[in-house]
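# Summary of structural features
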Amino acid sequence: MGLFSGMSRVFFDVGILSWDVLLTLSNLVRRNRRIRHVTPEGHPGYGGYWPEYRPPKETDSRCSCPALNAMANHGIISRSGRDISFVEVGHHIRATYNFSSTFCSFVPHFAAHMLKKSYSKDTFDLEELDLHNGIEHDASLLRLDSAFQPDQSIKYVPFIEELLAAATGKDEDGNDLITTKDLSRMLGKRRAIARVVNKEFSLNFIHKIFGSTNAATLVTVFGGRVDHLHSFLHHERLPEGWESRIRQPHGLTLTTFNKTILRVELGVCEQDWAEAAREAVQCHTAPA
């Protein structure tokens, strides 16, 4: 059974990646979606009109992913964050953020496998996704390490404020933008400091890529717009009138997304923050 399951997963991954390449090529020749028509008609958020935002209750389940939390806060998926179908969440991610069908199949399949659940039959609560060193990892842009804060649904506001303040870009209308270089710089700082203050620190190559993937979402889906990210990161709320900046007809494919992910990851340099790491050790506190 283990061998059969492993082979099935290999065939699935190869199939997904092959289809993803075809979607990427098709995106090159097909027309982009029109502005205000990125979210499909009939889906919550069409035309920038999102369902009512409600902050989570104490009994609701949330996780370290602002994108999933925002969908729950707007009622796009279960507001309680519980009993969510792996199949359905992929459909909603696709419609809300315009990721490709391949991305929206691969990620829930990965999560189901991580949780040892059936993709087609089982459900999950958002908090289950924060299995440490599953998808959730140390040196996050937005959360303290789990050694300092076991509940990874809790945002660490100083990290968010520092990230938004680190924006160096501007668009043609003068709006502040976070760039891939800004993300690389801040990831370097998080990793350098977490490595010395967290005695339980771990961050392998895969989790570095997960960190850069999460960061890359801010410049792809949100275009790096600081004013939009303020609402999204602080309140896990989709801004009024907002729609995904991804306008390709098949959405953001894994192939295309990986280019941004690699730019972020290859730009990370922990050595640039050696002095900050030494200061953090001297303070004997969690990073601030």
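Preceding this paragraph is the structure being described.
Below or above, wherever it landed, is the structure these notes cover. Every value quoted in this text rests on a predicted model; they were computed, and no experiment measured them.

### Details of the overall build of the protein
From N to C terminus, the protein includes ten helices and four strands. Seen in sequence order, the protein has helices and strands lined up from the N terminus as α-α-β-α-α-β-α-β-β-α-α-α-α-α. Computed over C-alpha atoms, the radius of gyration of the protein comes to 19 Å, within 12% of the 19 Å expected from 2.2 N^0.38 for 288 residues, which places it in the range of a compact globule. With the principal axes as the frame, the protein shows a C-alpha extent of 55 × 55 × 40 Å. Counted over contacts in the protein with a minimum sequence separation of 6, partners at least 24 positions apart contribute 68%. For the protein, the exposed surface amounts to about 14600 Å²; the carbon and sulfur share of it is 57%.

### Things to note about the nonpolar core
Counting 56 residues, the largest nonpolar core has Tyr97 and Phe232 as the members making the most contacts within it. Broken down by secondary-structure element, the contributors of at least two residues to this core are helix H2 (66-73), helix H3 (86-97), helix H4 (101-114), helix H5 (157-165), helix H6 (180-197), helix H7 (205-220), helix H8 (226-235) and helix H9 (254-266). Apart from residues no more than four positions distant in its own chain, Tyr97 is found in contact with Ala67, Ala70, Met71, Val221, Phe232, Leu238, Trp242, Ser244 and Ile246. Core analysis: the next-biggest nonpolar cluster, separate from the first, contains seven residues, Ala192, Ile193, Ala276 and Ala277 among them.

### Regarding H2
Of all eight residues in H2, eight are buried; the element is thus mostly enclosed. Those residues of H2 lying buried are Pro66, Ala67, Leu68, Asn69, Ala70, Met71, Ala72 and Asn73. Of the surrounding elements, those touching the buried residues of H2 are H3 and H8. Looking at the residues trailing H2, positive phi occurs at Gly75, about 75°.

### Thoughts on unusual backbone geometry
Residue Lys116 is not a glycine yet carries a positive backbone phi of 55°. Position of Lys116 relative to the elements: it lies in the loop between H4 and strand E2 (123-124). One non-glycine residue with positive phi stands out, namely Asn133, at about 65°. Looking at the secondary structure, you find Asn133 in the loop between E2 and H5. Overall, Asn133 belongs to the partly exposed group, its relative accessible area being 31%.

### A look at the packing of H5 against H6
Between H5 and H6, the shortest axis-to-axis distance is 10 Å and the interhelical angle comes to 145°. Of the two possible hands of crossing, H5 and H6 adopt the one that is right-handed. Between H5, through Phe159, Glu162 and Leu163, and H6, the contact on the second element is made entirely by Leu183, Met186, Lys189 and Arg190. Residues of the contact of H5 with H6, tallied by class, amount to four nonpolar, no polar and three charged.

### Let's talk about the state of the cysteines
One pass over the full model with this rule turns up zero disulfides. The structure places no disulfide on Cys104, whose sulfur is separated from the nearest cysteine sulfur, that of Cys65, by 12 Å. For Cys104, a relative accessible area of 6% gives the class buried.

### Description of the environment of Leu28
With respect to the secondary-structure elements, Leu28 resides in helix H1 (residues 2-29). Judged by relative accessible area, Leu28 falls into the exposed class, the value being 67%. Residues Leu28 and Asp173, 145 residues apart in the sequence, show an inter-C-alpha distance of 27 Å.

### A short note on a nonpolar patch on the surface
Taken together, the side chains of Trp19, Val21, Leu22, Leu25, Leu28 and Val29 define a hydrophobic patch exposed on the protein surface, amounting to about 650 Å² of accessible area. In this structure, Trp19 sits in helix H1. Residue classification places Trp19 among the partly exposed residues on the basis of a relative accessible area of 45%.

### Some words on the packing of H6 against H7
Orientation of H6 relative to H7, taken along the N-to-C sense of each, is 145°, at an axis distance of 10 Å. Between H6 and H7 lies a crossing whose hand is right-handed. Where H6 abuts H7, its residues Thr180, Leu183, Leu187 and Arg191 lie against Lys208, Gly211, Ser212, Ala215, Ala216, Leu218 and Val219. Taken together, the residues that form the contact of H6 with H7 break down as six nonpolar, three polar and two charged.

Each value, and the rule that gives it
- Residues numbered from 1 in each chain as written.
- Predicted model: local features only at pLDDT ≥ 70, side-chain atom pairs only at ≥ 80, totals over all residues.
- Heavy atoms only, no water.
- Helix = DSSP H or I, 4+ residues; strand = E, 2+ residues; numbered from the N terminus.
- Rg over C-alpha atoms; globule rule 2.2 N^0.38 Å.
- Contact = heavy atoms within 4.5 Å.
- Areas by Shrake-Rupley, 256 points an atom, 1.4 Å probe, with all protein chains shown as cover.
- Core = buried A, V, L, I, M, F, W, Y, C linked by side-chain atoms within 4.5 Å.
- Buried < 20%, exposed > 50% of the residue type's maximum accessible area, 1.4 Å probe, protein only.
- Axes fitted to C-alpha atoms, helices over the stretch in contact; angles between N-to-C directions.
- Left-handed = near helix turned anticlockwise from the far one by under 90°.
- Nonpolar A, V, L, I, M, F, W, Y, C, P; charged D, E, K, R; others polar.
- Disulfide = S-S within 2.5 Å.
- Patch = residues over 30% accessible without salt bridge, like charges linked within 9 Å, V, L, I, M, F, W, Y side chains within 5 Å.
- Salt bridge = Lys/Arg side-chain N within 4 Å of Asp/Glu carboxyl O.

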